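In case you want the letters, here they are:
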Amino acid sequence: MNILYLAHRIPYPPHTGDKVRSFHQIRHLARNHRISLACFVDDRSDLEHVATLGRWCASVDVVYRSRRAAQVAGLRGLWTGRSLAVAAFQSGALEGKLKERCGEPFDAIVAFTAVMAPYGDRARAAARIVDFVDVDSEKWRLYAQRVPGPASWIYRLEAGRLHAFEIATARAWDHSLFVSEREAGYVRPYVTDRPVSILSNGVDLEFFAPGPPGANHRASEIIFTGAMDYFPNVDAVVHFSDAILPRIQAQMPSARFAIIGRNPTRDVRRLASRRGVSVTGTVPDIRDHMRGALVSVVPLRIARGVQNKMLESMAMGIPVVSTSDAFRGLGASRAAGVDVVDDPAAFADTVTRLLRDEPLRRARGAEARAYVERHHRWEHHGEKLEALLETIVRARR
């Protein structure tokens, strides 16, 4: 098949959740099909990776837009009655590149996230699939509940406008994909004449593999991983440092909390002044820090979809303690090597118990690794996506 793949952010290097998913989709589809990629770049350093994508893509069309420029475009759209997110990704430059690229019809178009769907409307194809991943309008609704002042009003307005756009897209495109049943549930009631499928995330089981027992373990090390300029992650580590870590340190003074991830905000950097807290910023290889961990925490109070940070820790055999909101997207039973706790005191007690009990840690870590081996292989994700595309193309022809 000749496939046009539209991504809102360049899918390489795969070091954030959205890039991980889109990269593995492209890499799998490229084994048997011709991929034309069109995407945005919001960090100039990522431009050096365009050539690397040529290993999998027959063509790569990119448009650089700074995050500030996207924000300005989004606000302009907000005041003219459009969704902030959709307006932020509107680009005459990308439209021009696609006009040149789309002289011949494609067998299929994959729009990675709903904001890229308008570009697919301008290209000819036998089949069109939109991978929503998460329902972003729900994220804005949760932001509105968490953030005070005028920003709350803006987020609430954006939630409504983006939700209307998401429903219209799901009704117009041939097939919609979501990362979990929970996410699909926000759209299904409004879209009864188009199919919806669940395509969960995978994890690179060879890359994120357990180290030798006891290797590089630092005493009482608790970790959180993720992009540290992403509001739900910032809220999570601040909440953990304020409400949970002091309770752990009251029982285990040696307990240390490592926040590992790129672009830490000022609020995150300030946490490094607290006893037992470190903030790494960007690291060359996140596994070096994960191998030194005894427990991985996912104390998210705002959570959408499947948390890659959780899957990666599970793949490395690290026991995870998570809030129910973060865990729910996994669609797993609580026998998957993850302890699910919402109350701060109970969360602290669960982490402390794991820090103290090495046999329990090993057992929970082994359960976690076994679970992702069964349910979260990228190969299975790619095979399902490929089969779905082929089925739709055949039916349309």
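As shown above, the structure is provided for reference.
Keep in mind that this is a model prediction, so the values were computed, not measured. (Residues numbered from 1 in each chain as written. Predicted model: local features only at pLDDT ≥ 70, side-chain atom pairs only at ≥ 80, totals over all residues. Heavy atoms only, no water.)

Participant: Would you take a moment to explain the environment of Ala144 for this structure?
Facilitator: In this fold, Ala144 is placed in helix H6 (residues 136–146). Residues Ala144 and Leu157, spaced 13 residues apart in sequence, show a C-alpha to C-alpha distance of 9.0 Å. In contact with Ala144, not counting residues within four places along its chain, are Ser152, Tyr155 and Arg156. (Helix = DSSP H or I, 4+ residues; strand = E, 2+ residues; numbered from the N terminus. Contact = heavy atoms within 4.5 Å.)

Participant: Help me understand the sheet that holds strand E2 (residues 34–41) in this model?
Facilitator: Note on sheets: strands pair through backbone hydrogen bonds, and any given pair is parallel or antiparallel. Pairing in this open sheet of 7 strands is parallel, and the strands run E3-E2-E1-E4-E5-E6-E7 from one edge to the other. With partners counted over all chains shown, the strands left at the sheet margins are strand E3 (59–64) and strand E7 (196–198), one partner each. Adjacent strand axes in the sheet meet at a mean angle of 20° when their direction is disregarded. Of the strand pairs in this sheet, strand E1 (residues 2–7) and strand E4 (residues 106–112) are connected by 5 bridges, and their pairing is parallel. Paired with Leu4 across the strands is Ile109, a residue of E4. Packed on one face of the sheet, helix H16 (residues 378–396) meets E1, E4, strand E5 (125–133), strand E6 (175–178) and E7 and runs near 145° to E5. (Pairing = 2+ DSSP bridges. Axes fitted to C-alpha atoms, helices over the stretch in contact; angles between N-to-C directions.)

Participant: Can you walk me through the side chain of Gln249 in this structure?
Facilitator: Within the secondary structure layout, Gln249 lies in helix H9 (residues 231–251). Of note is the side chain of Gln249, whose polar atom sits 3.2 Å from the backbone oxygen of Ala255. If near-sequence neighbours (up to four positions away) are discounted, Gln249 is found in contact with Ala255, Arg275 and Gly276. (Polar contact = N/O pair within 3.5 Å; in protein donor to acceptor, adjacent residues only side chain to side chain.)

Participant: I would appreciate a short explanation of the nonpolar core in the present structure.
Facilitator: Across soluble globular proteins, nonpolar side chains have a tendency to be buried as a group. Residues Ile222, Phe257 and Met314 are the most contacted members of the largest nonpolar core, which totals 86 residues. Looking at this core element by element, the count peaks at 7 residues for H9. Contacts of Ile222, omitting those with residues within four sequence positions, involve Phe240, Leu245, Ile248, Ala255, Arg256, Phe257, Ala258, Val295, Val297, Val351 and Leu355. In terms of nonpolar packing, the next biggest core, distinct from the first, is built from 40 residues, Leu94, Leu98, Tyr119 and Leu142 among them. (Core = buried A, V, L, I, M, F, W, Y, C linked by side-chain atoms within 4.5 Å. Buried < 20%, exposed > 50% of the residue type's maximum accessible area, 1.4 Å probe, protein only.)

Participant: Please explain the sheet that holds strand E10 (residues 277–279) as it appears in this structure.
Facilitator: Strand order in this open sheet of 6 strands is E10-E9-E8-E11-E12-E13, and the pairing throughout is parallel. At either end of the open sheet lies a strand with only one pairing partner, and these are E10 and strand E13 (338–340). When the angles between neighbouring strand axes are averaged without regard to direction, this sheet yields 25°. Sheet topology places strand E11 (residues 295–298) next to strand E12 (residues 320–322); 3 bridges connect them, and they run parallel. When the sheet's bridge partners are listed, Ser296 is paired in E12 with Val320. Contacts from H9 reach strand E8 (221–225), strand E9 (256–260), E10 and E11 within the one sheet, and its direction differs from that of E8 by about 165°.

Participant: Whenever I open this one, the pattern of salt bridges confuses me. Can you help?
Facilitator: Where charged atoms of side chains with opposite charge meet at close range, the side chains can pair. For the structure shown, the criterion picks out 23 salt bridges. Here Arg328 makes a salt bridge to Asp325, at a shortest N to O gap of 2.8 Å. Here Arg328 and its partner Asp325 are both found in helix H13 (residues 324–328), 3 residues apart, which amounts to about one turn of the helix. By relative accessible area, which is 40% here, Arg328 ends up partly exposed. (Salt bridge = Lys/Arg side-chain N within 4 Å of Asp/Glu carboxyl O.)

Participant: What am I meant to see in the packing of aromatic side chains here?
Facilitator: Two descriptors summarise a pair of aromatic rings, namely the distance from one centre to the other and the angle between the planes of the rings. In the structure shown here, the tally under the stated rule is 15 aromatic pairs. Consider the rings of Trp140 and Tyr155, whose centres lie 5.3 Å apart with planes at 50°: the pair is tilted. Residue Trp140 is found in helix H6, and its partner Tyr155 is found in helix H7 (residues 150–172); the two are separated by 15 residues along the sequence. Looking at Trp140, the relative accessible area reads 14%, which means it is buried. Every member of this aromatic cluster is reached through a ring pair, and the members are Trp140, Tyr143, Tyr155 and Phe231. Lying over the aromatic face of Trp173, Arg128 brings its terminal NZ or CZ to 4.6 Å of the ring centre. Positioned over the ring face of Phe207 is Arg287, at 3.6 Å from the centre of the ring. (Phe/Tyr/Trp six-rings, centres within 6.5 Å; stacked < 30°, edge-to-face > 60°. Lys NZ or Arg CZ within 6 Å of the ring centre and 35° of its normal.)

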